[in-house]
Each structure stands twice: as structure tokens, then as C-alpha cells.
Amino acid sequence: MPVITYRDAVSTALREALDEDERIFLMGEDIGPYGGAFAVTKGFWEQYGSRRIKDSPLAESVIVGAGVGAAMAGLRPVVELMTINFSLLAMDQIVNHAAKIRYMSGGQFTIPLIIRTVTGAGASVGATHSQSFEGWYASVPGLTVVTPSTPKDVLGLFRTCRDLNDPVLFVEHILLYSTRGETPAPANFRIPIGQAEVRRTGKDITLCGYSRMALVAEQAAAILADEGIAADVIDLRCLRPLDMETVVNSVKKTHRAVMVEETTRLGGFAGELVSQIQEAAFDYLDAPIARVAGEEVPIPYSFPLEQLAIPDARRVAAAARKILNRPA
Amino acid sequence: MLKSGDVPELNKTDLLDFYRQMKLIREFERESERQYTRGNIKGFLHVYNGEEAIAVGSINTLRPDDYVVTHYRDHGQALARGITSSEVMAELMGKATGCSQGKGGSMHLFSSELNFMGGYAIVGGQLTIAAGIGMAIQYRGADQVVLCFFGDGAVNEGEFHEAMNLAAIWKLPVIFFCEHNLYGMGASSKETLVMWDSLHKMADAYGMANYEVDGNDVLAVRGLMRKVNAEVRSGKGPAFIVARTYRLRGHSVADPANYRPETEVEYWTTQDPIPRFQDWLTDEGIATVEDFEEIDAAVNDEVVLAAEFAESSPWPEPAALYHGVYADRPAEGIPT
């Protein structure tokens, strides 16, 4: 299997989309001659021209709103919000319009729109540029929220999302673009939405995360393995639709679980996971479900402080030991 | 006003049909207020009384394959575009036979068949959507236009600027049509909108063709729209039309509109577009009292039938609660 970067996976998925479907065009800030803020669309403008690669003004609401309109009129836009922090400026379009037009129109209009955006902390870009709002969007019926953590998942999930007829928030992680991973060669390789992946199996505890925190959970599992603790590691991959079956089956096996996420604990998505696990598997639990989440602070700029604000493998392992009653 | 000789392309039948359409909207709104009082219509009800000449004068100049996008005060545009009064009234009552299957309500009327792309209730939100529809037309190399309605209140939203600028730089085939009725809910535009008295000039900042028109004169609206329509269709880029008009009722049926000076209401009552057009038709010797009576009776019958249809229509089935959230999969949480 070829090894490529997460960035290459996004670029490849976008090129395929442009090559295979004339109804698809890209629109976003600096995706043209500049090549994209994260160099994902480098060379696209030169290759496909300004009709298909639309370099937009700095105007998030019209980036998404125009995507909605073009989708209603039969195209399949892929728009880019440079980061999920800027999605706040387009939230009316995402939540009030993209997610609701199909339902409010009695099913007369479909919105085949992909909104690509970038989440996450850890890049030393300060409080306003380091947030993780994907959990908020997962609370909106009508949206599909996808959070790939590997190049394989980017390719497999984007190919699936491309054919959906509903609005998708495709959430990439700022720290993952240069990570590498194997990707299956067949061009028809796809991953269905709403299907979590068990990335590692073990009988003692379930570690569950999404986006970069799935990788952090995996690192924690490696630490725990050295101590003789075998963990199931689950990458949710999608927040809506949400594959609770995989999570619950794992917890029924391990009887203990740690939920890992980058955003704050209060009002975070992990609370939803905990709630659904106890509804479905209360009798299987041998300990309270633990959460490792971001600290209840705006993300600070200073590097050592920022590291304290975000979950890491060491803290995930500590939370696991605690509910396993193992000494540190 | 124009003379009948100024509109040689319109015969008596055409002109009386404009009267009929305006009268239908007025009577429809009278009935909708009645049904609201009876408790058959819930929530908000924003009636269009006084602005009928805008919907009728503009939408009638469009082709069937053009697009209409509008705001939450959308009954008039929906009727002018050809959604039946029965389907609109049923939607207002939340019935399964409504034009949005009872899922949208008064503020969210849709018809994909008529390219009626919806009423939008978050002020300004529809302007960016209209720009996107314009992009789709341009992308395909087609020659349709998008007619996008909004009020003077929406001009204060950031989305106005985002949509106007994008449409202008990309020369999108969008007609931005402002129904300038002097109020954003209860706030006078004189207090909230610095350019309130020369609003069309705001489009100068976008290098966009702009026009002001008497929004209570159906033939003036129609005449301007025909010209603008042709220009926008020919690829010259978007245009901004400001029609000066007045809401003869409050913001919604729940609003007695006590904040408006009596003299202002009195003046605008004399400008009511329907009697004005009636007087014109009479003065020009085109229509007689009998013509009006005949149309009024037919309109009245239609509205009564629409109300009966809506009232006797079924509610949506409980299972419809979950229908239409997604195109590709069932909604989450359907009881098993």
C-alpha cells in the first residue's frame, strides 16, 4: 500500500472529485494561486482554472451561503473554511440554512455541499485559532460531521461524502497534515460514514477518541501495553452519524472506558458518549467512565501552557490506570 | 404614472390579471389574519398588505426557469410565482398538503417545481444563497436570472455586503430587490440605516447598477424589472433595485404598530397600490366597475376555497416528523 501524507490524501481526494464530476467546484479563501492556507490545493488553480477553483473574498458567510445556493441549483460545491474558528462567521448558513432547507422544504431541495475545515489546538496560534467546534455541529440534525485522523480515512471518507446529497462538515486536523500513513491503492476504496474503526484490540479497557485524539488514545494504549494493560482503541471517525454500536460492544467486553477529546469537558462531545454508553451498557460497567478533555480555559499561546491545555497520551494512560485501580 | 399607450405590449386581459393577482394577495392575507385569529394558523404571520405591486410587478417579468428567493414575508411572492392559494394556506395551517408539506410554515414557503427557492427567516441569509444560485447559472453558461427579495432591515446585516460584493466581482446574474418599507420590525429605518433616503446608492460602493422605483405602482415596477432583467440576463452583472413602499399592517399580526406616526400611515394609505391601479385602469378607460366586481368575486371564491381546502386537509402523519432530514439516510433517533 502506498504511504502518503494526510495533506496528500486531501489533495488526491479533491483532484479525483474535480476530475470525475463536472458539477464539483472548489471555493474558499486563498485556495487559488496561493495554494491554500495548508497547501492542500497547491497547483489546482493552474491546472483547473478559476471556473472550478474559486478564490473567494474573506467572507465566510457567503462562502457557505453561495455553496448552499449552488447546491440547491444542482451543483456539488466543495467549499473551504480556512479553520473551524472562522466557521462562527458562517454559522447562520451552516446551521440555519444548509442543515434545514431540505427538511423545511418538505424534501423538495437537497444540499449536496461539502464544507471542508480545519480543527484543533497545538499549533501555537492562540486562543481564537485553536478551537475544536466539531462537537457543536454534531448536535445539528441535517448535518453530517466527519473527523478523519489518517490519510486512509481522509481518502475513504471523502470519496463517500462526495456522493452524499446532504451537507457535510469534513473536519481535518491542523496537526495532522504532515503525518503519513498507508492508503489502499484501489481507486474505489471507500469508508462508509457512521462506521467507527477499532484501531487496536485489548480486553482490559476501551479508549475512544476522534480526529487527532484517536491517535493520542493509540499512543496511550502503547504506554499501557508496556504495563501489561491491553486496550481497545476506537476512532469514531464520524460524530454524526455516530457509531455507538462499536463503542458499546467494546465496553461490554472491557467493562471500563476512557473518552478522549480535545475540546473542553463542560458541554463537550465526550459527555454524550458517556451518556449513551451508560444507557446501553450500564450493567457491564465495572467503574465510572473517565473523560480526558481540554482544560476549561481559552487555549493559551505560550507553548508549555498550550501543552497543558490539551490532552496527551500520558494523561490518557493515567486516567486508564485510575479506573483500573492500578498504581501509577 | 404611465399612460396605457406606454405599455402597448399589455392588453386588457394582461392588465386585469395584474389587478387580479394583487387583489388575490390582499384577500389571501385578509383570510390568513382571520384564520390566525381563529387559531388555525400558529406562530408568526407576516402579511404583505401594501406591497403587492412589488411581487406582481416583478415576478411576472421572469421566465419559468428563472429563480426567486425571498424573505419571511413571502406569501405575496409565492402566490405571484404561481404556488396555489390552497397550497400556501395549507402550509400556513401546517397541513400535509402545504407547499412545504407543513414542515416550513408561513416563513418558509418553497416550490422546487416553480424554482421558488424559499422564504428565509434569518434576516439577510437568503442574499448569499441567491449569489450561489447565480454562480450555478454562470457555471453552466445559462441565461437565467435570480430575483432575490429582502427588506431595508436586511441591508444592515453583514451578509448584504458579502453577497453584494461577491455578486459584483464575479458578475453574477442576480437582481437584488429591496422592498424598502421604512421599518425593520418596529425600528424606523430613518434611525437605523444611514442611507435610508437614497438606499439604492449603496450599490455604488459595489460598482453595481442601481435603481429606485415607486413600489406601489405595479406598472412602474414591471417596467423597471423588464429593463433590469434583460441587462442582468445579458451578462452585465448584478443589479440593485430599491422599491419604496409601506407595510400597511404591523410587522406581524401580533404587532399593532403603535410606533408609527398617524400622518405617515394616512399618507401611505392614499398610496395603496390596489386602489391606485384601479383608478388608473378606470381613468385610462380600460376597466369598468363591473370588471372589478367580477374579479373580486372570483378572488373571494378562490380564497374561501383555499381556506376550506386547508382546514379540511389532513395533518402530516406522525412518521413525517422524521422524513426529509437527510436525503441519503434515516434521521437519527427514530423509535424502533
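Residues numbered from 1 in each chain as written. Chains lettered and ligands numbered in written order. Predicted model: local features only at pLDDT ≥ 70, side-chain atom pairs only at ≥ 80, totals over all residues. Heavy atoms only, no water.

K.L.:
Just to check I follow, could you spell out the overall build of chain B for this structure?
P.N.:
Secondary structure assignment for chain B yields eleven helices and eight strands. Its C-alpha atoms give chain B a radius of gyration of 20 Å, near enough to 20 Å, the size a compact globule of 336 residues would have. Looking at the 336 residues of chain B, the share that counts as buried comes to 59%. Considering only residue pairs separated by 6 or more positions, chain B has 74% of its internal contacts joining residues 24 or more positions apart. Split by element, the accessible area of chain B, about 13200 Å² in all, is 53% carbon and sulfur. Charge-centre separation for chain B: the mean point of 29 positive side chains lies 3 Å from the mean point of 49 negative side chains. (Helix = DSSP H or I, 4+ residues; strand = E, 2+ residues; numbered from the N terminus. Rg over C-alpha atoms; globule rule 2.2 N^0.38 Å. Buried < 20%, exposed > 50% of the residue type's maximum accessible area, 1.4 Å probe, protein only. Contact = heavy atoms within 4.5 Å. Areas by Shrake-Rupley, 256 points an atom, 1.4 Å probe, with all protein chains shown as cover. Lys, Arg positive; Asp, Glu negative; His and termini not counted. Charge placed at Lys NZ, Arg CZ, Asp CG, Glu CD.)

K.L.:
Sorry if this is basic, but what is going on with the interface of chain B and chain A here?
P.N.:
The figure often quoted for interface size is the accessible area lost as the parts come together. Across the contact, 41 residues belong to chain B and 48 residues belong to chain A. Where chain B packs against chain A, one counts one salt bridge. Two residues, Arg-240 of chain A and Glu-332 of chain B, come together in a salt bridge whose shortest N-O distance is 3.1 Å. At the junction of chain B and chain A, the tally comes to 29 residue pairs in polar contact (both at pLDDT 80 or more). Top contributing element to the side of chain B that touches chain A by residue count: helix 5 (residues 125-140) of chain B, with ten residues. (Salt bridge = Lys/Arg side-chain N within 4 Å of Asp/Glu carboxyl O. Polar contact = N/O pair within 3.5 Å; in protein donor to acceptor, adjacent residues only side chain to side chain.)

K.L.:
Mind showing me how you'd approach the layout of surface pockets here?
P.N.:
Rolled over the atoms, a probe with the dimensions of a water molecule shows which regions are left empty. Taken as a whole, the largest pocket spans an internal volume of roughly 330 Å³. Lining the largest pocket are 22 residues, with Gln-131, Ser-132, Phe-133, Thr-263 and Thr-264 of chain A positioned closest to its centre. Among the secondary structure elements, those contributing two or more residues to the lining of the largest pocket are helix 6 (134-137) and strand 13 (257-264) of chain A. No other element matches the three residues that strand 13 of chain A contributes to the lining of the largest pocket. Looking at side-chain class alone, the lining of the largest pocket contains ten nonpolar, ten polar and two charged residues. Residue assignment places the lining of the largest pocket across two domains, with domain 1 (3-182) and domain 2 (197-323) of chain A each supplying three or more. Together, 20 residues line the second largest pocket, and Tyr-72, Val-123, Gly-151, Gly-153 and Tyr-183 of chain B are the ones closest to its centre. Broken down by secondary-structure element, the contributors of at least two residues to the lining of the second largest pocket are strand 3 (146-151) and strand 5 (183-184) of chain B. Broken down by class, the residue content of the lining of the second largest pocket amounts to six nonpolar, eight polar and six charged. (1 Å grid on protein atoms, 1.4 Å probe; cavity = no way out; pocket = protein on both sides within 12 Å on 5 of 7 lines; lining within 4 Å. Points joined across faces, edges and corners; volume = space filled by probe spheres on them. Nonpolar A, V, L, I, M, F, W, Y, C, P; charged D, E, K, R; others polar. Domains from an automatic or database assignment.)

K.L.:
Is there a simple way to explain the sheet that holds strand 10 (residues 205-209) of chain A in this structure?
P.N.:
Hydrogen bonds along the backbone pair up the strands of a sheet, which may run parallel or antiparallel. Residues and elements named next belong to chain A. Sheet architecture is open: five strands sit in the order 9-11-10-13-14, paired in mixed fashion. The strands lining the two open edges of the sheet, one partner per strand, are strand 9 (197-200) and strand 14 (290-294). Direction aside, neighbouring strands of the sheet carry axes that sit 25° apart on average. With four bridges joining them, strand 13 and strand 14 adopt parallel strand pairing. Bridge pairing links Met-259 to Arg-291 in strand 14. Running over the sheet, helix 10 (residues 269-281) touches strand 10, strand 13 and strand 14 and is turned about 155° from strand 13. (Pairing = 2+ DSSP bridges. Axes fitted to C-alpha atoms, helices over the stretch in contact; angles between N-to-C directions.)

K.L.:
I tried to follow unusual backbone geometry on my own but got confused; where do I start?
P.N.:
Outside of glycine, negative phi angles account for most residues, and trans bonds account for most peptide bonds. Following Arg-240 of chain A, the chain continues to Pro-241 of chain A via a peptide bond in cis, the omega torsion being 0°. Unlike most non-glycine residues, Gln-101 of chain B shows phi in positive territory, near 60°. In this structure, Leu-182 of chain B is a non-glycine residue whose phi angle is positive, near 80°. Looking at where Leu-182 of chain B falls in the secondary structure, it is placed in the loop between strand 4 (174-180) and strand 5. A relative accessible area of 7% means that Leu-182 of chain B is categorised as buried.

K.L.:
Hey, could you run me through the sheet that holds strand 4 of chain B in this one?
P.N.:
Residue and element names in this part refer to chain B. Strand order in the open sheet formed by six strands is 2-1-3-4-8-7, and the pairing between neighbours is parallel. Single-partner strands in this sheet number two, and they are strand 2 (116-120) and strand 7 (209-214). Between one strand axis and the next, the sheet turns by 15° as a mean value, whatever way the strands run. Relative to strand 8 (residues 239-244), strand 4 is paired through six bridges, and the arrangement is parallel. What sits directly across from Cys-178, in strand 8, is Val-242. Its contacts with the sheet put helix 8 (residues 218-233) on strand 3, strand 4, strand 7 and strand 8, and the angle it makes with strand 7 is roughly 165°.

K.L.:
Just checking my understanding: could you explain helix 4 (residues 91-98) of chain A for this structure?
P.N.:
An α-helical turn contains 3.6 residues, so any two residues separated by three or four positions project in the same direction. Among the eight residues in helix 4 of chain A, six count as buried, and that is most of the element. Turning to helix 4 of chain A, its buried residues are Asp-92, Gln-93, Ile-94, Val-95, His-97 and Ala-98 of chain A.

K.L.:
Could you clarify how one ought to interpret the pairing of strand 11 (residues 231-235) of chain A in this entry?
P.N.:
Residue and element names in this part refer to chain A. Among the five residues of strand 11, five are classified as buried, and the element is accordingly described as predominantly covered. Where strand 9 meets strand 11, three bridges bridge the pair, whose relative direction is antiparallel. Within the sheet, the bridge partner assigned to Arg-200 lies in strand 11 and is Val-233.

K.L.:
Whenever I open this one, the nonpolar core confuses me. Can you help?
P.N.:
Among soluble globular proteins, nonpolar side chains are generally buried collectively. By size, the foremost hydrophobic cluster in this structure holds 91 residues, and its most contacted members are Met-72 of chain A together with Phe-150, Phe-176 and Phe-240 of chain B. The dominant element in this core, judged by the number of residues it contributes, is helix 5 of chain B, at nine residues. Two domains each provide a minimum of three residues to this core, namely domain 1 (3-182) and domain 2 (197-323) of chain A. If sequence neighbours within four positions are ignored, Phe-150 of chain B has contacts with His-71, Gln-126, Leu-127, Val-155, Phe-160, Phe-176, Phe-177, Cys-178, Glu-179 and Phe-240 of chain B. (Core = buried A, V, L, I, M, F, W, Y, C linked by side-chain atoms within 4.5 Å.)

K.L.:
Help me out: how do you make sense of empty space enclosed by the protein in this one?
P.N.:
Residue and element names in this part refer to chain A. Within this structure, the stated rule accounts for four cavities of 30 Å³ or more. One number sums up the size of the largest cavity: a volume of about 60 Å³. Forming the walls of the largest cavity are Thr-119, Ser-132, Glu-134, His-173, Tyr-210, Ser-211, Arg-212, Met-213, Glu-261, Glu-262 and Thr-263. Those elements that provide at least two residues to the lining of the largest cavity are helix 8 (212-226) and strand 13. In terms of residues, the lining of the largest cavity owes the most to one element, strand 13, which gives three residues. Lining the lining of the largest cavity are residues from two domains, each supplying at least three of them: domain 1 (3-182) and domain 2 (197-323).

K.L.:
What am I meant to see in the packing of helix 4 of chain A against helix 5 of chain B here?
P.N.:
If you want to describe how two helices pack, look at the angle between their axes and the distance between the axes. As a packed pair, helix 4 of chain A and helix 5 of chain B sit with axes 10 Å apart at the nearest point and diverge in direction by 85°. Our classification of the angle between helix 4 of chain A and helix 5 of chain B gives roughly perpendicular. Facing Asp-92, Gln-93 and His-97 of chain A of helix 4 of chain A, the residues of helix 5 of chain B in contact are Gly-125, Thr-128 and Ile-129 of chain B. Each residue belonging to the contact of helix 4 of chain A with helix 5 of chain B can be placed in one class, and the counts come to one nonpolar, four polar and one charged. (Parallel < 35°, antiparallel > 145°, perpendicular 65-115°, else oblique.)

K.L.:
Explain the domain arrangement of chain A to me, please; I cannot follow it from the model alone.
P.N.:
Residue and element names in this part refer to chain A. Split by domain assignment, chain A resolves into domain 1 (3-182) and domain 2 (197-323). A C-alpha centroid distance of 26 Å is found between domain 1 and domain 2. Taken together, the contact pairs 30 residues of domain 1 with 22 residues of domain 2. A buried area of about 2100 Å², summed over both sides, lies between domain 1 and domain 2, and 54% of it is on carbon and sulfur atoms. Where domain 1 meets domain 2, there are two salt bridges. Ionic pairing is found between Arg-237 and Asp-153, a salt bridge with its closest N-O pair at 3.1 Å. (Buried area = accessible area lost by both parts, 1.4 Å probe.)

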